[in-house]
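Close look at the chain arrangement
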Amino acid sequence: MSEMYELTIEQAAIALRVGAISSVELTQAVLDRLAATEPAVAAFIEPTPEVALAGAAAADARLRAGDAPLLCGIPGALKDLIATRGIQTTAGSQMLKGYRPIYDAHVTQRLIDAGYVLVGKTNLDEFAMGSSTETSSYQTTRNPFCPDCVPGGSSGGSAACVAAGSAFFSLGTDTGGSIRQPASLCGVVGMKPTYGRVSRWGVIAMASSLDQVGPFARTVKDCAAVLECLAGRDERDATSSSRAVPSYREACGRDIAGLKLGVPREYFIDGMEPAVEQSIRAAVAQLEGLGATAVEISLPHTSYALPTYYIIMPCEVSANLARFDGIRYGVPQPGETMWEAYAKTRGAGFGAEVKRRIMLGTYALSAGYHDAYYVRAQKVRTLIKQDFDQAFEQVDAIVCPASPTTAFPFGAKMDDPIQMYLSDVFTLAASLAGLPGLVVPCGFDAASKPIGLQLIAPHWREETLFQVAHAFEQSTSWSQPQNRHRLRVGQGGAQ
Amino acid sequence: MQMSREEVAHVAWLARLALSEAELERYAGQLSGILSHIVQLQELDVTDIAPTAMAVEAGGNVVRADVPTASAPQDEVLANAADIEDGSFRVRAILEESA
């Protein structure tokens, strides 16, 4: 018998509809779990128990009325980069300490319309810049499967709270891997949709040609249910697509026999942990056992994704973060002149990694360097995209690792930016190409730390990702619900 | 690829970032390291390759109907500012009086 907080969204939705439980009871169970795990995990910058219980009571009324959407009454969490009206939204930065948006992000509004229950705003690397959640200026989030290690990042709090059981689902953002890498390190399902599938309106911008919002959940079908709620056109984001949104849940359960999967040889590199390679190879064999065909493919420009990303992203960062001057919002510092006040506000409000990226982007865009760096990187971006275009002429999806390592110890990469950036080496290329990617748990290393399998599909083919991931999940025993006994937080409660 | 402390200071000024001496030293080293990694893009022949600004086709210009809608209330817009006066954001003078 599962505890209430351990149910899947689908199970909870049924229990809510037959009246076996109320959303208030379900929410209280999640808040109790949050209270039990949070001292160790620290996934939330700000839990919102009062908002949650009020939302749950409203959801119960709606459920009784009988026309509630699937997520009605289900507790979820939002990365603290996503605007919530009247609720502090910090981006993990001292710059925005105390900032209360006067509007909800489009994705927040969609969840509100569906009747979800907000349990809190989750920790992240400052302005989503990092791969370990260690650049947050608020707190250190721990990996629920290995409290001595990072949860990954930048959406580390969103991944950790779902793994720990203190939310049924969460939203993260992924610019170069910030959903997929923490999903891999925390043993949960995480997906980055096609660029343009989900509106970015009200999400604090990092790199606008790359940013995309997506869900974390404990099972593939739960993840599909959340994406169904988020996806679709929003006229306030001109890059959001008006393409019809298919039922992603219906894709879960489709046979994968006959599907052709590509295994890119460039994604098996020196420096990759042997346990990760073994698990990925075993996962490919498992998918072949389910009737898919696996073929080796080449994505020849893979090694250029990291340097390309580390030009394009900082250039966009330097432009997007120019707005933080402490005047309309933010924490201002005094200065003798307006320019000095700006520089002091930004010098004091931003942390080291944010300043590093603003500097890099400002340099690359400055007079005399623009063509050599930015335009050249955009041309290489074309080559990277063409690699995928050619691969998808042969295969339906690509199967590869999500991260070269499992969760690493705190501080291991903080003094060496390049080492930290390499943590995203398997997720950056798909981001540059605007492709959807999904990570599903596929094993554990000898220390019981999770390993994730990354699936990449052509633009707008999220259905293929859910189809393959669901078939894999159902035929293996690596999902979070089957591995709760490995969690190293929240013991002493119900087991 | 080496970035001097003076170049870092110039870029920090362009970015409106007040940095300490220690930060200038540290960023000179770190940014040089990152630029040395990035330089490998120069290996590639990109002749006749078009740049990609956005990887997914947006499908031409996107415009919305030009219909007035309600603006956010003034008191809410000002609520997050540290310095307001008479319903406005208060900022420093940007022009100095000549002597």
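Bear in mind the structure is a predicted one, so any value in this text is a computation, not a measurement.

**Thoughts on the overall build of chain B**
The helix and strand inventory of chain B stands at 3 helices and 2 strands. Computed over its C-alpha atoms, the radius of gyration of chain B comes to 23 Å, more than 25% above the 13 Å expected for a compact globule of 99 residues. Counting only C-alpha atoms, chain B reaches 55 × 50 × 30 Å along its principal axes. Here the analysis covers contacts within chain B between residues at least 6 apart in sequence; of these, 30% occur between residues at least 24 apart. As presented, chain B carries roughly 6900 Å² of accessible surface, and 51% of it is formed by carbon and sulfur atoms. Looking at chain B, you have 6 positive and 17 negative side-chain charges, and the mean spots of the two groups are 7 Å apart.

**Focus: the state of the cysteines**
Residues and elements named next belong to chain A. A full pass over the atoms with the stated rule returns 0 disulfides over all chains. Unpaired in this structure, Cys-149 has its nearest cysteine sulfur neighbour in Cys-146, at a distance of 3.0 Å. Of the residues examined, Cys-149 reaches a relative accessible area of 4% and is grouped as buried. Looking at the unpaired Cys-229, the closest cysteine sulfur is the one in Cys-72, lying at 11 Å.

**A few points about the interface of chain B and chain A**
Opposite the 49 residues of chain B that make contact, chain A presents 68 residues. Carbon and sulfur atoms make up 69% of the surface buried where chain B meets chain A, a total of about 5200 Å² over both sides. On inspection of chain B and its partner chain A, the count reaches 2 salt bridges. Among the salt bridges present, the one from Glu-76 of chain B reaches Arg-85 of chain A, with a minimum N-O distance of 3.2 Å. Counting every contact that joins chain B to chain A gives 19 residue pairs in polar contact (both at pLDDT 80 or more).

**Comments concerning the packing of helix α10 (residues 305-320) of chain A against helix α12 (residues 352-365) of chain A**
Residues and elements named next belong to chain A. In contact at an axis separation of 7 Å, α10 and α12 are set at 100 degrees when each is read in the N-to-C sense. Relative to α12, the element α10 is oriented roughly perpendicular. The residues of α12 that touch α10, namely those facing Tyr-310, Ile-311, Met-313, Pro-314, Cys-315, Val-317 and Ser-318, are Arg-357, Ile-358, Leu-360, Gly-361, Thr-362, Ala-364 and Leu-365. Here the residues of the contact of α10 with α12 are counted per class, giving 10 nonpolar, 3 polar and 1 charged.

**So, helix α7 (residues 220-230) of chain A**
Residue and element names in this part refer to chain A. Most of α7 sits inside the fold, with 9 of its 11 residues counted as buried. Looking at α7, one finds that the buried residues are Val-220, Asp-222, Cys-223, Ala-224, Ala-225, Val-226, Leu-227, Cys-229 and Leu-230. In the stretch just after α7, Gly-232 is the one whose phi turns positive, near 135 degrees.

**A closer look at the environment of Gly-153 of chain A**
All names here are of chain A. The residue Gly-153 is located in the loop between β3 (117-122) and α5 (156-164) in this model. What makes Gly-153 buried here is its relative accessible area of 0%. The spatial distance from the C-alpha of Gly-153 to the C-alpha of Met-206 is 14 Å, given a sequence separation of 53 residues. When sequence neighbours within four positions are dropped, the list of residues in contact with Gly-153 reads Asp-125, Gly-130, Ser-131, Ser-132, Thr-133, Gly-177, Ser-178, Gln-181 and Pro-182.

**Here we look at the pairing of strand β7 (residues 260-264) of chain A**
Residues and elements named next belong to chain A. Extensive coverage of β7 is indicated by the burial of 4 of its 5 residues. Where β7 lies against strand β8 (residues 293-297), 5 bridges are found, and the strand directions are parallel. Along β8, the bridge assignment pairs Leu-261 with Ala-294. Between β7 and its parallel partner β8, the chain crosses via helix α9 (residues 274-289), and the hand of that crossover is right-handed. Note: β7 against strand β9 (residues 397-401), 2 bridges, orientation parallel. Opposite Leu-261, over in β9, you have Ala-397 as the bridge partner.

**Let's talk about the sheet that holds β7 of chain A**
Residue and element names in this part refer to chain A. Strand order in the open sheet made by the 11 strands is β1-β3-β2-β4-β6-β5-β10-β11-β9-β7-β8, with mixed pairing throughout. Every interior strand has two partners, whereas the edge strands, β1 (44-47) and β8, have only one. The average undirected angle you get between the axes of adjacent strands in this sheet is 30 degrees. On top of the sheet, helix α16 (residues 462-475) reaches β5 (189-192), β7, β9, β10 (437-444) and β11 (450-456); it is set at about 15 degrees to β10, its chief contact.

**Some thoughts on helix α3 (residues 49-65) of chain A**
In an α-helix there are 3.6 residues to a turn, and that puts residues three or four apart on one side. Residues and elements named next belong to chain A. Over its 17 residues, α3 runs 24 Å from end to end, which matches the ideal 24 Å to within 8%, given 1.5 Å per residue. Listing the buried residues of α3 in full gives Ala-52, Ala-56, Ala-59, Asp-60 and Leu-63. Take α3 and look down its axis: the buried residues cluster within an arc of 110 degrees, on one side only. Turned more than 90 degrees off the buried face of α3, the exposed positions are Glu-50 and Ala-65. In this structure, the buried residues of α3 make contact with α1 (9-17), α2 (23-41) and β3. Of the residues trailing α3, Gly-66 is marked for its positive phi of about 100 degrees.

**Focus: the side chain of Thr-194 of chain A**
Position of Thr-194 of chain A among the secondary structure elements: in the loop between β5 and β6 (212-217). A residue is classified by how much of its surface remains accessible, and Thr-194 of chain A, at 0% relative accessible area, is buried. Separated by 2.7 Å, the side chains of Thr-194 of chain A and Glu-462 of chain A make a polar contact. Beyond its immediate sequence surroundings of up to four residues, Thr-194 of chain A is in contact with Gln-212, Gly-434, Leu-435, Pro-436, His-459, Trp-460, Arg-461 and Glu-462 of chain A together with Val-56 of chain B.

Thresholds applied
Residues numbered from 1 in each chain as written. Chains lettered and ligands numbered in written order. Predicted model: local features only at pLDDT ≥ 70, side-chain atom pairs only at ≥ 80, totals over all residues. Heavy atoms only, no water. Helix = DSSP H or I, 4+ residues; strand = E, 2+ residues; numbered from the N terminus. Rg over C-alpha atoms; globule rule 2.2 N^0.38 Å. Contact = heavy atoms within 4.5 Å. Areas by Shrake-Rupley, 256 points an atom, 1.4 Å probe, with all protein chains shown as cover. Lys, Arg positive; Asp, Glu negative; His and termini not counted. Charge placed at Lys NZ, Arg CZ, Asp CG, Glu CD. Disulfide = S-S within 2.5 Å. Buried < 20%, exposed > 50% of the residue type's maximum accessible area, 1.4 Å probe, protein only. Buried area = accessible area lost by both parts, 1.4 Å probe. Salt bridge = Lys/Arg side-chain N within 4 Å of Asp/Glu carboxyl O. Polar contact = N/O pair within 3.5 Å; in protein donor to acceptor, adjacent residues only side chain to side chain. Axes fitted to C-alpha atoms, helices over the stretch in contact; angles between N-to-C directions. Parallel < 35°, antiparallel > 145°, perpendicular 65-115°, else oblique. Nonpolar A, V, L, I, M, F, W, Y, C, P; charged D, E, K, R; others polar. Pairing = 2+ DSSP bridges. Right-handed = clockwise from strand over helix to strand, strands pointing away. Expected span 1.5 Å × (residues − 1). Arc of directions from axis to C-beta.

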